[in-house]
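Summary of structural features
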Amino acid sequence: MTAPTSKLYLEAPRRLRALVRARESSLIVLAAIVGALGGLFVVLMSRAVGLLHEVLFNLPHGARLSSQSVLEPWRAVLMPTLGGLLFGLSLLLLNRWRPGREVDPIEANALHGGQMSFRGSIIVALQTIWSSGVGASVGTEAGYTQISSGAASVLGQAFHLRRSDQRILLGCGCAAAIAGAFGAPLAGAFYAFELIVSGYTPASLAPIGVASVIGYAVAHQLAPTIPGIVLSQVGEVTSKDIAIAVVIGFLCALAGIAVMRAVALWDVLMARSRLWVPLRLTIGGLLVGLFALQTPQIMSSGHGALHTTNVVTLPILTVALLFALKILASVISLGSGFRGGLFFASLFSGALGGHLFAVAANTLVPGLHLDISVYAVIGMSALSASVVGGPLTMTFIALETTGD
């Protein structure tokens, strides 16, 4: 692990530092700056990934890789395979300069008082862009939160913030990134409360709320079509659905545990194989490419594929195949060493799982008449809550994206 550096990249004037430390409202001003930076980083990273998809996979401008029904077979296989090899070689070179791994926002707040390396955060963001850009089945949200919180950490260190304020400002960076990425400011704020700050306090409410709203506003002002969750009209939720949601929640908890353990198991198998690191990533990319021959929707984060209209109207066998291959592709991508996260993959897989659950229940008990669109949203929220560990965050993502 690469410890956060104590070196400051900028130093605020002494009088300004004293003013910020003396006034609690000054933290809100810094939070607004962090929110704007977080929204900007989301846009820049999203466009960089999109550009890689257009160049490497010969997509029309603005098209999403995971929304494609078919790709040129040689591109589908070669790009993640060659991308994995190049990424592995870059890791070997990087290890000579910065051995160990970078500290993530959760770890920084828990163990390092909210201090992170901005240089290291840039590296993680670039690695995430490349991994998703070559088609590995990873989410870009980890990169968004890493670079946004890294910028927040540097800004806090420049003003010599107290440890508690430094931790709050780091949460502001993550809140802005999630709000901008998903178009859900409440979800962004609760992501920071649940996973970064690990609590709800009056002191953190205003800064994190401001950062989340500004991050959302900046991202969607600069890129109105930025990928998020596209939900069509969702059916009415009844008391029957609330009771059945307990069952699907339990099943999603088991599935989430299985997915996380599978990632760890694949990582261990790769390590025990003693294969050359670039070769591990090459194998991982090759397997993802072979899966993509069946359905390109398993590639990258899955933003383009997660549209409830598409999920609901797909044939059941297609949904089952996509559900299995997406989980396998994500497990192999992360376990092989690609950089990214399971946030969006769990949302997409959960929506598919909810679809499968509703169809299976309707088949076994014809009188139930479960609405597939409702259970796609329930499954999406439940599986992602199991994997990410933020139940209120996922609840607000469902509420904000459905508008209901």
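Basis of the calculations
Residues numbered from 1 in each chain as written. Predicted model: local features only at pLDDT ≥ 70, side-chain atom pairs only at ≥ 80, totals over all residues. Heavy atoms only, no water. pLDDT = per-residue confidence, 0-100. Helix = DSSP H or I, 4+ residues; strand = E, 2+ residues; numbered from the N terminus. Patch = residues over 30% accessible without salt bridge, like charges linked within 9 Å, V, L, I, M, F, W, Y side chains within 5 Å. Areas by Shrake-Rupley, 256 points an atom, 1.4 Å probe, with all protein chains shown as cover. Salt bridge = Lys/Arg side-chain N within 4 Å of Asp/Glu carboxyl O. Buried < 20%, exposed > 50% of the residue type's maximum accessible area, 1.4 Å probe, protein only. Contact = heavy atoms within 4.5 Å. Polar contact = N/O pair within 3.5 Å; in protein donor to acceptor, adjacent residues only side chain to side chain. Disulfide = S-S within 2.5 Å. 1 Å grid on protein atoms, 1.4 Å probe; cavity = no way out; pocket = protein on both sides within 12 Å on 5 of 7 lines; lining within 4 Å. Points joined across faces, edges and corners; volume = space filled by probe spheres on them. Nonpolar A, V, L, I, M, F, W, Y, C, P; charged D, E, K, R; others polar.

**Thoughts on the confidence of the model for the chain**
On average, residues of the chain carry a pLDDT of 86, and 89% of them reach 70 or more. When the elements of the chain are averaged for pLDDT, helix α12 (residues 308-313) gives the smallest value, 57, and helix α11 (residues 277-294) the largest, 95.

**Digging into a nonpolar patch on the surface**
On the surface, Trp-74, Leu-78, Leu-82, Leu-86, Leu-89, Leu-92, Trp-276 and Leu-279 cluster together into a nonpolar patch covering about 710 Å² of accessible area. For the nonpolar patch, the leading source of residues is helix α3 (residues 73-97), giving six residues. Inspection of the secondary structure assignment puts Leu-86 in helix α3.

**Remarks on the environment of Lys-240**
With respect to the secondary-structure elements, Lys-240 resides in helix α10 (residues 239-273). With relative accessibility at 34%, the residue Lys-240 sits in the partly exposed group. Ignoring any residue separated from it by four or fewer positions in sequence, one finds Lys-240 in contact with Leu-368, His-369, Leu-370 and Tyr-375. In this structure the side chain of Lys-240 is engaged in a polar contact, spanning 2.6 Å, whose partner is the backbone oxygen of Leu-368.

**Observations concerning the state of the cysteines**
If you walk through the whole model with that rule in mind, you get zero disulfides. The thiol of Cys-172 is unpaired, and the distance to the nearest cysteine sulfur, on Cys-174, comes to 9.5 Å. For Cys-172, a relative accessible area of 0% puts it in the buried group. We classify Cys-174 as buried; its relative accessible area is 0%.

**Remarks on empty space enclosed by the protein**
All chains considered together, the criterion is met by four cavities of 30 Å³ or more. One number sums up the size of the second largest cavity: a volume of about 90 Å³. Every residue lining the second largest cavity is listed: Ala-255, Val-259, Ile-327, Ser-330, Leu-342, Ala-345, Ser-346, Ser-349, Leu-383 and Val-387. The element contributing the most residues to the lining of the second largest cavity is helix α14 (residues 343-364), with three residues. Here the residues of the lining of the second largest cavity sort into seven nonpolar, three polar and no charged.

**What to know about the side chain of Ser-149**
Position of Ser-149 relative to the elements: it lies in helix α6 (residues 141-158). Here the side chain of Ser-149 touches Thr-145 through a polar contact of 2.6 Å, landing on its backbone oxygen. Of note is the side chain of Ser-149, whose polar atom sits 3.1 Å from the backbone oxygen of Gln-146. Aside from chain neighbours lying at most four places away, what touches Ser-149 is Pro-105, Met-116, Leu-170, Gly-173 and Cys-174.

**Quick look at the layout of surface pockets**
Regions of empty space are outlined by a rolling probe, equal in size to a water molecule, passed over the atoms. Counted as a void, the largest pocket has a volume near 1400 Å³. Around the largest pocket, the lining comprises 42 residues; the ones closest to its centre are Arg-101, Asp-104, Phe-338, Arg-339 and Gly-340. If you tally residues by element for the lining of the largest pocket, the top one is α3, at five residues. Residues that form the lining of the largest pocket fall into these classes: 24 nonpolar, ten polar and eight charged.

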